Amino acid sequence: MSTLTYDWNPQRPGPMPHHRYRPYQERVNVPAGQRSWPDARIERAPLWVPVDLRDGNQALAEPMDTGRKRRFFELLVSMGFKEIEVGYPSASRDDFAFVRELAASSAAGGGALPDDVTVVVFTPARRDLIERTFEAIEGLPRAVVHLYIPTSPVWRDVVLGRSRAEVFDVVKDAAEHMARLADARPGADIRFQFAPETFNLTEPDYVLEVCDGLTELWDASPDRPVTHNLPATVEIATPNVYADQIEYLHRHLARRDSVILSVHPHNDRGTGVACAELAVLAGAQRVEGCLFGNGERTGNVDLVTLALNLYAQGVDPMIDFSDIDAVREVVEHCNRLPVHPRHPYAGELAHTAFSGTHQDAISKGFAHHARRAAELGVPESRAPWEVPYLPIDPADIGRTYEAVIRVNSQSGKGGMAYLLRDRHGIDLPRDLRPDFSRVVQEATDDSGREATAKELYELFRATYVAPGREGDVALDAWTVDRTPDGAHRFVCTLQRDGRAGDFEGVGNGPLSAFADALAAAGLAVDILDYAEHAVGTGGASEAVAYARCRVGDAVRWGAGLDTSVLAASVQAVLAAVNRAGVTR
């Protein structure tokens, strides 16, 4: 980024001691080389590995008990995850007990572990803890044992107090012990995974040295690959730097066809999703994370966002998110943490528009989508999706359209019109929408809160329909017939200012005849605009009529609702007449 200053930018140095912190390039060397990831495309989902039951669980103020873990595990299996990290058996009694429960259920044929699902267990590079881990997986037909040790200079110096060579010796000893324990169980399918914790702060040549050493020690092959998991344990740089680090390892790892290259991004800089996506572009084949991003500090990378980002690009995420609210409910119950209402896909407000311009675009988008589906002769659920402001169809993830448009004082005419049409069958004429928008904005400004679809409908009736039934000018009785020359005659008993009178009018249609009768009563009325439509289907459904009238010097809209279209039309004109005496 340029350090030049510009006259148009008034920002000046702040008071915070930024000089205490070093940029990433002073902390780790990222070798320059050929960079292909910027031109790559993600055309297939990576292997998703949820770590909610281990890494996510460690980040909970109240870790999950066995019952909550079991419910979470069953959710992950039902969604289609095929490799699931289930615990850190040597770290706690609950983690050990949960892995043993899975093993016992599997051995008894209880169906807890489907044939195509593999569990992952996590262990530090210590013999006694490795042995405890292998004790936990006794009886499981398949497992990945995930070995880790911190490798970066600051961890080696400050935490471990060991040199590069000494750390490698610890890892090698642990890996050899794991191999011996696995060889002692020839009937079980036990594979190995290694994570150089704090990979993104570790010298790339050292990561290669350690990973290649374990690939050889474990004798990895294409039919029995080893997983090397490269975590951004604490984010330190922009996502492109992580992608460069991953591509360097992708290009230089030995026995590359025998290695599953995995990543485990955290979210300390708020860029965990971008790091994971760029890492996949750079050669990663496997991504560890948590549903909705739970994890230490600011969290692990969010697998829901990652997977549905692919979905929005037309790539099958290979995970079932068709009922996202059910997924969220289970995760919130098990974690006892809420999912943010603005979560990109699962949040309560993720697909909601309050802004008037957004609502208008979405409303038009829905109408366009319906027309396109009809033209293609396919259901709307199968038609190509192109609706403004909605990257995916909320219905694809089990959401209704009920909460897409919500109205408050910031909303515009399009959103209000959409809600009335979608929920109550009231399709406001285009020229009526600005008028009703002002009415709604006044109401929401006064209340300081949003208006529900039911409240909008009640406000519409109170503003435009009620004056035709309850105003100062009222029809006690009326009839319409035809004159011998074919004209329409409107005969009515009209109340005005508490006095009743009989009036008659003639016109080329019933409403023009009604206007003529009003003129006879001393009310000059011109009908400027008129529209009508059925509210529902079936012979008993109501019709709604809208009339824009000039009454004296005032122009007002009115509306009528009745099973008779003519009655609704007369009510609409009368409502406009009565509203002409109301100042808004």
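Since the model is a prediction, treat every value here as computed from it, not as a measurement.

Chemist: Teacher, can you tell me more about helix α3 (residues 93–107) here?
Modeler: Note on helix geometry: an α-helix contains 3.6 residues per turn, so any two residues three or four positions apart are oriented the same way. If you check α3, its first and last C-alpha atoms are 21 Å apart, about what 15 residues at 1.5 Å a residue would give, namely 21 Å. Within the sequence span of α3, burial applies to Asp 95, Phe 96, Phe 98, Val 99, Leu 102, Ala 103, Ser 105 and Ser 106. Residues of α3 that are buried make contact with α1 (52–58), α2 (66–79), β2 (83–87), β3 (118–124) and α4 (127–136). Where α3 terminates, the next one or two residues include Gly 109, which has phi positive at roughly 75 degrees.

Chemist: For this particular structure, what's the right way to read the nonpolar core?
Modeler: Here is a general trend for soluble globular proteins: nonpolar side chains tend to be buried in one another's company. Counting residues in each nonpolar core, the largest one holds 96 residues, and the members touching the most others are Trp 48, Val 86, Leu 147, Trp 218, Ile 246 and Leu 291. A total of eight residues in this core trace back to one element, the largest contributor, which is helix α6 (residues 164–183). Residues Trp 385, Tyr 418, Ile 426 and Leu 428 belong to the second largest nonpolar core, which totals 29 residues.

Chemist: Even after reading the chapter, I still don't get the packing of aromatic side chains, so can you show me in this structure?
Modeler: Centre-to-centre distance and the angle between the planes together describe a pair of aromatic rings. Per the stated rule, a full pass over the model turns up 13 aromatic pairs. Between Phe 436 and Phe 460 the ring centres are 6.2 Å apart and the planes differ by 85 degrees, which places this aromatic pair in the edge-to-face class. Here the residue Phe 436 occupies a position in helix α14 (residues 433–447), and Phe 460 occupies one in helix α15 (residues 453–465), the gap between them amounting to 24 residues. As far as burial versus exposure is concerned, Phe 436 and Phe 460 are alike and both buried. By way of ring pairs, the aromatic residues Phe 436, Phe 460, Tyr 464 and Tyr 546 are connected into one cluster. The ring of Phe 122 carries Arg 54 above its face, with NZ or CZ at 3.6 Å from the centroid. A cation over a ring is seen here: Arg 132 above Phe 96, with NZ or CZ 3.5 Å from the ring centre.

Chemist: Before we go on, may I ask you to explain the sheet that holds strand β10 (residues 488–496) in this structure?
Modeler: Picture the strands of a sheet paired through backbone hydrogen bonds; they go either parallel or antiparallel. Reading across the sheet, the three strands line up as β9-β10-β11 and stay open at both edges, with antiparallel pairing between neighbours. Both edges of this open sheet fall to β9 (473–482) and β11 (499–507), since each of them pairs with a single strand only. On average, adjacent strands in this sheet sit at an angle of 15 degrees to one another, irrespective of strand direction. Of the pairings in the sheet, the one linking β10 to β11 comprises nine bridges and is antiparallel in character. Paired with Cys 492 across the bridge in β11 is Phe 503. Against the sheet, helix α18 (residues 565–579) contacts β9 and β10, and its axis sits at roughly 140 degrees relative to β9.

Chemist: Just to check I follow, could you spell out the pattern of salt bridges for this structure?
Modeler: Should the charged atoms of two oppositely charged side chains come close, the side chains can pair. By the definition in use, this model includes 34 salt bridges. Salt-bridge contacts for Arg 286 lead to Glu 83; the nearest nitrogen and oxygen are separated by 2.7 Å. Of the two residues, Arg 286 is situated in strand β8 (residues 286–289) and Glu 83 in strand β2; the sequence distance between them amounts to 203 residues. Each of the two residues, Arg 286 as well as Glu 83, counts as buried.

Chemist: Before we go on, may I ask you to explain the sheet that holds strand β1 (residues 47–50) in this structure?
Modeler: What the eight strands build is an open sheet, ordered β1-β8-β7-β6-β5-β4-β3-β2; its pairing is parallel. The open sheet is flanked by β1 and β2, the only strands paired with a single partner. Each adjacent strand pair in this sheet contributes to an overall mean axis angle of 30 degrees, direction not counted. Taken together, the nine bridges between strand β4 (residues 142–150) and strand β5 (residues 189–197) define a ladder with parallel strand orientation. Pairing of Tyr 148 across the sheet is with Ala 195, part of β5.

Chemist: Would you mind going over the packing of α2 against helix α11 (residues 324–335) with me for this structure?
Modeler: In a packed pair of helices, the relevant descriptors are the angle between the two axes and the axis-to-axis distance. Two numbers describe how α2 lies on α11: the axes approach to 9 Å, and their chain directions differ by 155 degrees. Regarding the angle of α2 to α11, the classification is roughly antiparallel. Like other packed secondary-structure pairs, α2 and α11 cross with a definite hand, here left-handed. Contacts from Arg 68, Arg 71, Phe 72, Leu 75 and Met 79 in α2 reach Val 327, Val 330, Val 331, His 333, Cys 334 and Asn 335 in α11. Here the residues of the contact of α2 with α11 are counted per class, giving seven nonpolar, two polar and two charged.

Chemist: Please clarify how the domain arrangement of the protein chain should be interpreted in this entry.
Modeler: Many structure descriptions define interface size as the accessible area lost when the parts assemble. Segmenting the protein chain into domains produces domain 1 (42–335), domain 2 (352–404) and domain 3 (465–580). A separation of 37 Å is found between the C-alpha centroids of domain 1 and domain 2. Across the boundary between the two partners, domain 1 contributes nine residues, which contact six residues of domain 2. The interface formed by domain 1 and domain 2 holds four residue pairs in polar contact (both at pLDDT 80 or more) in total. When residues of the side of domain 1 that touches domain 2 are traced back to their parent elements, those giving at least two are α10 (303–311) and α11. By residue number, the principal contributor to the side of domain 1 that touches domain 2 is α11, which donates three residues. Here the residues of the side of domain 1 that touches domain 2 are counted per class, giving five nonpolar, one polar and three charged.

Parameters and conventions
Residues numbered from 1 in each chain as written. Predicted model: local features only at pLDDT ≥ 70, side-chain atom pairs only at ≥ 80, totals over all residues. Heavy atoms only, no water. Helix = DSSP H or I, 4+ residues; strand = E, 2+ residues; numbered from the N terminus. Expected span 1.5 Å × (residues − 1). Buried < 20%, exposed > 50% of the residue type's maximum accessible area, 1.4 Å probe, protein only. Contact = heavy atoms within 4.5 Å. Core = buried A, V, L, I, M, F, W, Y, C linked by side-chain atoms within 4.5 Å. Phe/Tyr/Trp six-rings, centres within 6.5 Å; stacked < 30°, edge-to-face > 60°. Lys NZ or Arg CZ within 6 Å of the ring centre and 35° of its normal. Pairing = 2+ DSSP bridges. Axes fitted to C-alpha atoms, helices over the stretch in contact; angles between N-to-C directions. Salt bridge = Lys/Arg side-chain N within 4 Å of Asp/Glu carboxyl O. Parallel < 35°, antiparallel > 145°, perpendicular 65-115°, else oblique. Left-handed = near helix turned anticlockwise from the far one by under 90°. Nonpolar A, V, L, I, M, F, W, Y, C, P; charged D, E, K, R; others polar. Domains from an automatic or database assignment. Polar contact = N/O pair within 3.5 Å; in protein donor to acceptor, adjacent residues only side chain to side chain.

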